[in-house]
Amino acid sequence: VQLQASGGGSVQTGASLRLSCEVSGRIYSSYAIGWFRQAPGKEREFVAGLSWSGGNTYYADSAKGRFTISRDNAKKMIYLQLDSLKPEDTAVYYCAAQEVINVAAMTFAANYDYWGQGTQVTVSS
């Protein structure tokens, strides 16, 4: 499985961006897809995730109400809509795949089996 993230950019506070994650290779219904981000000097943190089969979604507290994760199974695409962006959202955003969904461990980067390259999101005040 390979993942390719795109859609980042430089925006001002309050703007929106839509990140995309293209998944290639065989993906099974047991998979979960997560979005993480990493700011300079900080650890990689969970942003949002969903189950590939049922589409159940999970969000970090920092993302609730502003970010929306969605999927298009036919296109094998995962999206992360970022609204009301703040300077503290500035980071490199990564998508990742977990072979067997583990809701309890969804927020832990170490539990993901495949990672895409990141896409930079920069929010200026």
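This text gives an overview of the structure that appears in the document. Everything numeric here is computed off the predicted structure, so don't read it as measured data.

## Notes on the nonpolar core
Across soluble globular proteins, nonpolar side chains show a tendency to be buried alongside one another. Core analysis: the biggest nonpolar cluster contains 29 residues, and W35, V47, F67, I78, L80, L82 and Y93 have the highest contact counts within it. Where this core is concerned, the elements lending two or more residues are strand 1 (2-6), strand 3 (17-24), strand 4 (32-38), strand 5 (45-51), strand 7 (67-72), strand 8 (77-82), strand 9 (91-98) and strand 11 (119-124). Within the second largest apolar cluster, 7 residues are counted, among which are F46, A60, A96 and Y112.

## Structural notes on the pattern of salt bridges
Across all of its chains, the model carries 4 salt bridges by this definition. Put simply, D89 and R37 hold a salt bridge, and the shortest N to O gap is 2.9 Å. Here R37 lies in strand 4 and D89 lies in the loop between strand 8 and strand 9, a separation of 52 residues in the sequence. Classification of D89 as buried rests on a relative accessible area of 1%. Where K64 meets D61, a salt bridge forms, and the shortest distance between an N and an O atom there is 3.2 Å. A single network of salt bridges, built from pairs that share partners, joins R37, E45, R66 and D89.

## Overview of the state of the cysteines
Considering all chains together, one arrives at 1 disulfide under this definition. One disulfide in the model links C21 with C95; its S-S distance is 2.2 Å. Across the S-S bond linking C21 and C95, the dihedral sits near 75°, which makes this disulfide right-handed. A residue pair is termed long-range when its members are at least 10 positions apart, and C21 in strand 3 and C95 in strand 9 qualify at 74 residues. Each member of the pair, C21 as well as C95, is classed as buried.

## Considerations on the packing of aromatic side chains
In this description, a pair of aromatic rings is defined by centroid distance and the angle of the planes. By the definition in use, this model includes 6 aromatic pairs. When the centroid spacing of 6.2 Å and the interplanar angle of 40° are considered together, the rings of Y28 and Y31 count as tilted. Y28 sits in the partly exposed class, given a relative accessible area of 44%. Summarising the aromatic geometry, the rings of Y94 and W115 are spaced 6.3 Å apart at their centres and angled 80° between planes, so their arrangement reads as edge-to-face. Within this pair, whereas Y94 is found in strand 9, its partner W115 is found in strand 10 (residues 114-115), the two being separated by 21 residues in sequence. We classify Y94 as buried; its relative accessible area is 16%.

Basis of the calculations
- Residues numbered from 1 in each chain as written.
- Predicted model: local features only at pLDDT ≥ 70, side-chain atom pairs only at ≥ 80, totals over all residues.
- Heavy atoms only, no water.
- Core = buried A, V, L, I, M, F, W, Y, C linked by side-chain atoms within 4.5 Å.
- Buried < 20%, exposed > 50% of the residue type's maximum accessible area, 1.4 Å probe, protein only.
- Helix = DSSP H or I, 4+ residues; strand = E, 2+ residues; numbered from the N terminus.
- Salt bridge = Lys/Arg side-chain N within 4 Å of Asp/Glu carboxyl O.
- Disulfide = S-S within 2.5 Å.
- Phe/Tyr/Trp six-rings, centres within 6.5 Å; stacked < 30°, edge-to-face > 60°.

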